[in-house]
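Coordinate analysis (summary)
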Amino acid sequence: MKQLIPSIYYVGVNDRNKERFECLWPLSSGVSYNSYLVVGKKIALIDTVDVRFFATFLDNIREVIGTRPIDYLVINHMEPDHSGCIGLIRQVYPDICLVGNKKTLQMAEGFYCQSGPSLCVSEGSELSLEGMDLRFYLIPMVHWPETMVTYEPHSGTLFSGDAFGCFGALNGGVLDSEMDVEPYFPEMIRYYSNIVGKYGTQVQMALKKLGGLDLRRICPTHGPVWSESIGRVIAAYQRMSLYEGEQGVSLIFGSMYGNTLLMAESVAEGLVKGGLKNFTMHKLSRTDPSYLIADAFRFKGLLLGAPTYNNGLYPLMEQLLSDLRHRGLKNRLIGCFGSFTWAGQAVKHLTEFATAPGMELVGEPVEMKQGFTRETGLKCQQLGEAMARRILEAE
Ligand code: FEO
């Protein structure tokens, strides 16, 4: 339990056991499920936690309010990492009133057969806790259609759900001002790009809607509570939801026997020769896709290389392109290279991706037949240099 300010408490938990979030995204540093108590004369609990942590969660709540009942459970988001304890909370607090919008309450009934006291709220609805007030704003598709945020105007506190959240358990502290936040920012990009990245338009609408609020702290459902870093996290969300990349490149390649890898090495030499320092290099078979998606969202430039496979594209690259298309990635500068042994297909597919609407093909695609040669290396270097120049002039 942590008191954030008088009347607002953190009662969330850390999960350091789960291997993959949504059984998809690796959690190298765990994840937190954040929940908060707002205590006026009446008490509201904002969201719950993963059901496996109910005992710890209830302990955290009781440490704050002892045997007092909870009047309201505000459900900002129904994904089970936050809604998982609704049924158990209601067993402990049978008179608790579930607060959500029409879609939320339908989902609560569908997931947890909840049919007790409830309060249906809509855009701009207010709820007095007698001493603290809660106001609700709907932000559909950030991350599900029912998603909303809750704002407490006296303290300038926004309970933002998944928005502004990140992977990474909380190591002792909760507030950004009491920790080194740097490790959380790459994990915010990875969280956003993989989980919410498809919904850039809806995130933009949410940012506009919340833009006029006096924000002194943002309390998301994952990761640190933002106070002194509010400007930075909002700027990150602005950039990512507009699909704007920073001045840099991610060089992502697949290689089965090392020939396409040698092409990638030459492309990287070209980047350096062109004066670019800010780039990452990933071999597809060694890097989890969530990090590739994150880097594709992070950087303005993408250099993609792969062999031909089964008369098509190397499967791991095919999967990556599908992941990026599915998330609507755009505004990228893209260079391509690839290889084949008897019939070239990889470069054709990569070039199709690089010339889709919203993308710009940079340099000459390099296609290699069979083994790596000095001549191929030179062309790859030229591709890297062209990308470096284009990226540096883009700013
Ligand atoms: Fe953290 Fe969309 O749930």
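As a reminder, the structure under discussion sits directly above these lines.
Let us look at the structure shown here. (Residues numbered from 1 in each chain as written. Predicted model: local features only at pLDDT ≥ 70, side-chain atom pairs only at ≥ 80, totals over all residues. Heavy atoms only, no water.)

**Digging into the overall build of the protein chain**
A tally of regular secondary structure across the protein chain gives twelve helices and 23 strands. When its C-alpha atoms are laid out on the principal axes, the protein chain stretches across 75 × 40 × 35 Å. In the protein chain, the share of contacts with a sequence separation of at least 24, taken over all contacts with a separation of at least 6, comes to 72%. When the accessible surface of the protein chain is split by element, carbon and sulfur atoms take 51% of a total near 16200 Å². Put simply, the protein chain has 37 plus and 42 minus side-chain charges, and the middle of one group is 3 Å from the middle of the other. (Helix = DSSP H or I, 4+ residues; strand = E, 2+ residues; numbered from the N terminus. Contact = heavy atoms within 4.5 Å. Areas by Shrake-Rupley, 256 points an atom, 1.4 Å probe, with all protein chains shown as cover. Lys, Arg positive; Asp, Glu negative; His and termini not counted. Charge placed at Lys NZ, Arg CZ, Asp CG, Glu CD.)

**Quick word on the side chain of T150**
As for its placement among the helices and strands, T150 is situated in strand β14 (residues 148–152). We classify T150 as buried; its relative accessible area is 0%. Within the structure, T150 has its side chain in polar contact with the side chain of N76 (distance 2.7 Å). Those residues within four positions of T150 in sequence are excluded, and the remaining contacts are I46, V74, N76, L134, R135, F136, T157, L158 and F159. (Buried < 20%, exposed > 50% of the residue type's maximum accessible area, 1.4 Å probe, protein only. Polar contact = N/O pair within 3.5 Å; in protein donor to acceptor, adjacent residues only side chain to side chain.)

**Describing the pattern of salt bridges**
Taken as a whole and judged by the stated rule, the model has 14 salt bridges. Where E385 meets K273, a salt bridge forms, and the shortest distance between an N and an O atom there is 3.8 Å. Pair noted here: E385 is in helix α12 (residues 374–394) and K273 is in helix α8 (residues 259–273), with a separation of 112 residues, a long-range link. Taking relative accessible area as the criterion, K273 reaches 57% and is therefore assigned exposed. Salt-bridge contacts for E360 lead to R390; the nearest nitrogen and oxygen are separated by 2.7 Å. Pair noted here: E360 is in strand β22 (residues 359–361) and R390 is in helix α12, with a separation of 30 residues, a long-range link. (Salt bridge = Lys/Arg side-chain N within 4 Å of Asp/Glu carboxyl O.)

**As for the sheet that holds β14**
Strand pairing in a sheet is mediated by backbone hydrogen bonds. Such pairs are either parallel or antiparallel. With mixed pairing, the five strands of this open sheet are ordered in space as β12-β13-β14-β15-β16. The open sheet terminates on both sides in strands that have one partner only, identified here as β12 (126–128) and β16 (217–220). Averaged over all adjacent pairs, the angle separating strand axes in this sheet is 20 degrees, with direction ignored. (Pairing = 2+ DSSP bridges. Axes fitted to C-alpha atoms, helices over the stretch in contact; angles between N-to-C directions.)

**Examining α12**
Look at α12: 30 Å from first C-alpha to last across 21 residues, which is about the 30 Å you get at 1.5 Å a residue. Along its buried surface, α12 packs onto β17 (246–253), α8, β19 (299–309), β21 (332–340) and β23 (366–369). (Expected span 1.5 Å × (residues − 1).)

**Describing the sheet that holds strand β1 (residues 2–5)**
The strand order across the open sheet built from seven strands is β1-β2-β7-β8-β9-β10-β11, with neighbouring strands paired in mixed fashion. At either margin of the open sheet sits one strand with a lone partner, and together these are β1 and β11 (118–120). Taking the axes of each pair of neighbouring strands and ignoring which way they run, one obtains an average angle of 25 degrees across the sheet. As paired elements, strand β2 (residues 8–10) and strand β7 (residues 36–39) share three bridges and run antiparallel to each other. Bridge pairing links Y10 to Y36 in β7. Running at roughly 20 degrees to β7, helix α1 (residues 54–65) makes contact with β2, β7 and β8 (43–46) of the sheet. Along the sheet, helix α4 (residues 102–112) makes contact with β10 (97–100) and β11, crossing β10 at roughly 130 degrees.

**Observations regarding the packing of aromatic side chains**
Each pair of aromatic rings is reported with the distance of its centres and the angle of its planes. If you walk through the whole model with that rule in mind, you get 14 aromatic pairs. Relative to Y237, the ring of F164 has its centre 4.6 Å away and its plane inclined at 50 degrees; by these criteria the two rings are tilted. Of this pair, F164 sits in the loop between β15 (157–161) and α5 (184–196) while Y237 sits in helix α7 (residues 230–241), and the two are 73 residues apart along the sequence. Summarising the burial analysis for this pair, F164 and Y237 share the class buried. One aromatic cluster is present, built from ring pairs that chain together F164, Y192, Y237, Y243 and F297. Over the aromatic face of F185 sits the side chain of R232, whose NZ or CZ is 3.6 Å from the ring centroid. (Phe/Tyr/Trp six-rings, centres within 6.5 Å; stacked < 30°, edge-to-face > 60°. Lys NZ or Arg CZ within 6 Å of the ring centre and 35° of its normal.)

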